[in-house]
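Structural overview
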Amino acid sequence: MSEPGILDVRCAVTLGAFDLDANFSAGPGITVLIGPSGAGKTTILHLVAGLMRPERGRIAIGGDVMADTDARMFVPPHRRRIGLVFQDAQLFPHLTVAQNLAFGGWFARHTNGLPREHVIDVLGIGGLLDRRPARLSGGEKGRVALARALLSSPRLLLMDEPLSGLEEEKRQTILPLIEMVRDEFGVPMLYVTHARDEAQRLANRIITIDRGRVVGSENLGEDR
Amino acid sequence: MFDFTPDEWTAIGLSVKVAVAATLCSLPVAILAGYALARWSFPGKTLLNGVLHLPLVLPPVVTGYLLLVAFGRQGPIGGFLYDWLGITFSFRWTGAALAAAVMAFPLMLRAIRLSFEVVDRRFEFAASTLGAGPVATFFTVTLPLAAPGILVGIILGFAKALGEFGATITFVSNIPGETQTIALAIHSYTQAPGGDAGTIRLAVVSVIIALTAVIASEAVSQRLLKRTSVFQ
């Protein structure tokens, strides 16, 4: 068997008429999953995060098995240490920004040592800590969601089209932040998008998904 | 006009005691059952839902009678509780509280079930990816987000418990100082000549207590809603 990657996915599910059979690995840096909407990108993220069970197959992170249908193994999402930045942030509306950021720390049994102050500085959200999510703009929500996921000590960060709801101008201010997060904190990311320019700019590796299958894979190198 | 007799004061105090006890006892059960009905699917769910709603649709006299049969000292549950724990329900205020709790339960359940159904599950998914297990997610995310609806359930239940009549009089009778709540005292007044003044006094008290509860809950509910709303 080949060397375990940071993420190894080989799994299948059927959801009504849609049938997903994905087979890929992700290394350090940013791996981008790109494809048209309905291709199954978000489904893959949910399988990796453990929000959905595969019908067949195996998912492993750094060699640790997260799900293996042959071995009847399934690690629930809260024990996976996989951060997920949702498309629409999903900040807890009843908690302040500071409490949202602290949330992961209430349950973490591990720490990857990301210093809270540094994450807050890099993402520029120091001035928002006392606010509730209802009083944040779309871009601010995105940054807080990214910080919240980073501070939960993930060993892999999943990002589900974090820029899709934003105007062009906002996207251009957040893209460099994602690059900074990649360079500063060294957390490997699996990044879903349908925008080619985003993929080209961020990716160490681009995996193209269409109709539930991996149809292409392109390495852009480790140093970017 | 508002010179309450000692018996009336007792009835007012007893009503509040019975309603508070009934609400507090029903609440955890209603939260658990409301969550189960909103989120889980299991065999017999429809039947369970029907049984839990029975007190709402049965004539209260029937509910009271069934309580008498089950929780009387000779009854299967009442006998057990008396023999092993020394708890008696028949002709005691505890019985009035039990009757009020049973009658209030379906109203609380409906409001609480609905409030769980409208909590966006994606917040729970987010919590799980941040390391919170199912129980922690329930207490830190689901319950706070459902709080406004749960509060509505508490108020509905409290109001129902405060005014419960049929099941209470059937189960624990109408004993001044022990089971005679405001509703039962008003009933006694209306049965006797010259009871008009007493009836009016107690009716006014009922309105004041109920109105206070509704207004207070509205105030708290507004604050909670403001806190938990996704939009400003």
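Residues numbered from 1 in each chain as written. Chains lettered and ligands numbered in written order. Predicted model: local features only at pLDDT ≥ 70, side-chain atom pairs only at ≥ 80, totals over all residues.

**Overview of the overall build of chain B**
For clarity, the threshold we go by: Runs of E in the DSSP output that reach at least two residues are strands. Runs of H or I that reach at least four are helices, and both are numbered from the N terminus.
Regarding its fold elements, chain B presents ten helices and zero strands. For the C-alpha atoms alone, the extent of chain B along its principal axes is close to 65 × 45 × 30 Å.

**Re the overall build of chain A**
For clarity, the threshold we go by: The globule rule used here is 2.2 Å times the number of residues to the 0.38 power, and the radius of gyration it is set against is calculated over C-alpha atoms. Field definition: a residue is buried when 20 or more other C-beta atoms are found within 10 Å of its C-beta, exposed when 12 or fewer are, and partly exposed for counts in between, with C-beta atoms placed from the backbone. By the convention adopted here, residues make contact when the C-beta atoms placed from their backbones lie within 7 Å.
Looking only at helices and strands, chain A has six helices and eleven strands in total. A compact globule built from 224 residues would reach a C-alpha radius of gyration of about 17 Å, and chain A, at 17 Å, matches this within 12%. Referenced to the eigenvectors of the C-alpha coordinate spread, the extents of chain A come out at roughly 45 × 35 × 35 Å. Per-residue burial over chain A gives 44% buried out of 224 residues. At a minimum sequence separation of 6, the contacts of chain A that also span at least 24 residues come to 71%.

**Details of the nonpolar core**
Cut-off, in case you're wondering: Each nonpolar core comprises buried Ala, Val, Leu, Ile, Met, Phe, Trp, Tyr and Cys residues, the members being joined through C-beta atoms within 7 Å.
Within the largest apolar cluster, 124 residues are counted, with the highest numbers of intra-cluster contacts made by V32, V48, L158 and L190 of chain A together with A99, A100 and M108 of chain B. It is helix α5 (residues 93–117) of chain B that contributes the most residues to this core, 16 residues altogether. Every residue in contact with M108 of chain B, bar those within four places of it in the chain, is listed here: S26, L27, A30, G153, I154, L156 and G157 of chain B.

**Regarding the confidence of the model for chain B**
Residues and elements named next belong to chain B. Quick reminder of the rule: Per-residue confidence from the predictor is reported as pLDDT, which spans 0 to 100.
For chain B, mean pLDDT is 90; residues scoring 70 or higher make up 97% of the total. No element of chain B has a lower mean pLDDT than helix α10 (residues 196–228), at 85, and none a higher one than α5, at 95. At the level of chain-chain contacts, confidence expressed as ipTM amounts to 0.90, with global pTM at 0.86.

**Comments concerning the packing of helix α2 (residues 45–57) of chain B against α5 of chain B**
Residues and elements named next belong to chain B. Let me state the cut-off plainly: Axis lines are fitted to C-alpha atoms, over the contacting stretch for helices. Their N-to-C directions set the angle, which ranges from 0 to 180 degrees. Crossing chirality is assigned from the near helix's rotation relative to the far helix, an anticlockwise turn below a right angle marking it left-handed and a clockwise turn marking it right-handed. Any residue that is not Ala, Val, Leu, Ile, Met, Phe, Trp, Tyr, Cys, Pro, Asp, Glu, Lys or Arg is counted as polar, Gly included; the first ten are nonpolar and the last four charged.
Where α2 meets α5, the closest approach of the two axes is 8 Å, and the angle between their N-to-C directions is 115°. Where α2 crosses over α5, the handedness of that crossing is left-handed. Contact residues: L52, H53, P55 and L56 in α2; V102, M103, F105, P106, L107 and L109 in α5. A class-by-class count of the residues in the contact of α2 with α5 yields nine nonpolar, one polar and no charged.

**A few points about the environment of E124 of chain B**
Residues and elements named next belong to chain B. For E124, the position within the fold is in helix α6 (residues 121–129). By C-beta crowding, E124 is classed as buried, having 20 other C-beta atoms within 10 Å. Expressed as a C-alpha distance, the spacing of E124 and V141, which sit 17 residues apart in the sequence, is 6.7 Å.

**Focus: the pairing of strand β7 (residues 82–85) of chain A**
Residue and element names in this part refer to chain A. How we decide: By this definition, two strands are paired if DSSP reports at least two bridges between them.
Here β7 shows no split at all, with I82 and L84 on one side and G83 and V85 on the other all buried. Looking at chain direction, β7 and strand β8 (residues 156–160) are connected through four bridges and run parallel. Looking across to β8, one finds that V85 is bridged to M159.

**What to know about helix α4 (residues 138–150) of chain A**
In an α-helix, one full turn covers 3.6 residues, which means residues spaced three or four apart are oriented alike. All names here are of chain A. Spelled out, the test is: Helix span, expected: 1.5 Å multiplied by one less than the number of residues in the helix.
Spanning 13 residues, α4 covers 19 Å between terminal C-alpha atoms, matching the ideal 18 Å at 1.5 Å per step. Most of α4 sits out of view: eleven of its 13 residues are buried. Inspection of α4 places E140, K141, G142, R143, V144, A145, L146, A147, R148, A149 and L150 among the buried residues, and these make up the whole buried set. Where α4 is buried, its residues contact β7, α2 (97–107), α3 (116–123), β8 and α5 (168–185).

**So, the pairing of β8 of chain A**
Residue and element names in this part refer to chain A. This is how the line gets drawn: A crossover gets the label right-handed when its path from the first strand over the helix to the second runs clockwise, viewed with the strands pointing away from the viewer.
Buried residues dominate β8, accounting for five of its five residues. With burial as the criterion, each face of β8 is covered, one bearing L156, L158 and D160 and the other bearing L157 and M159. The sheet contact formed by β8 and strand β9 (residues 189–193) spans four bridges and is parallel. What sits directly across from D160, in β9, is V192. Each parallel crossover has a hand, and for β8 linked through α5 to β9 it is right-handed.

**Observations concerning the environment of L202 of chain B**
Residues and elements named next belong to chain B. Inspection of the secondary structure puts L202 in helix α10. The sequence separation of L202 and A183 amounts to 19 residues, and the corresponding C-alpha distance is 8.3 Å. The residues contacting L202, other than those within four sequence positions of it, are E8, I182, A185 and I186.

**A short note on the interface of chain B and chain A**
At the junction of the two partners, chain B supplies 20 residues and chain A supplies 20 residues. Contributions of two or more residues to the side of chain B that touches chain A are made by α6, α7 (134–163) and α10 of chain B. In terms of residue count, the dominant contributor to the side of chain B that touches chain A is α6 of chain B (six residues). Across the side of chain B that touches chain A, the residue classes break down as eleven nonpolar, seven polar and two charged.

**Observations regarding α2 of chain B**
We apply this condition: The reported bend at a residue is simply the angle between two axes, fitted to the 7 residues ending at it and to the 7 residues beginning with it.
Spanning 13 residues, α2 of chain B covers 18 Å between terminal C-alpha atoms, matching the ideal 18 Å at 1.5 Å per step. The sharpest bend along α2 of chain B comes to roughly 30°, located at V51 of chain B, with the proline P55 of chain B sitting one to four residues further on.

**Concerning the packing of α4 of chain A against α5 of chain A**
All names here are of chain A. The test is simple: For this classification, under 35 degrees means roughly parallel, over 145 means roughly antiparallel, 65 to 115 means roughly perpendicular, and everything else is oblique.
Running from N to C, α4 and α5 point in directions that differ by 10°, and their axes come no closer than 10 Å. Between α4 and α5, the crossing angle belongs to the class labelled roughly parallel. Here α4 and α5 pass one another in a crossing that is right-handed. Taking contact as the criterion, the partners of G138, G139, G142, R143, L146 and L150 in α4 are, on α5, K170, T173, I174, L177, V181 and F185. Class assignment for the residues of the contact of α4 with α5 results in six nonpolar, four polar and two charged.

**A look at unusual backbone geometry**
For S153 of chain A, which is not glycine, the phi torsion reads 55° and is therefore positive. Relative to the assigned elements, S153 of chain A resides in the loop between α4 and β8. A count of 20 C-beta atoms within 10 Å places S153 of chain A in the buried class. Phi at F91 of chain B is positive, roughly 60°, even though this residue is not glycine. For F91 of chain B, the position within the fold is in the loop between α4 (76–85) and α5.

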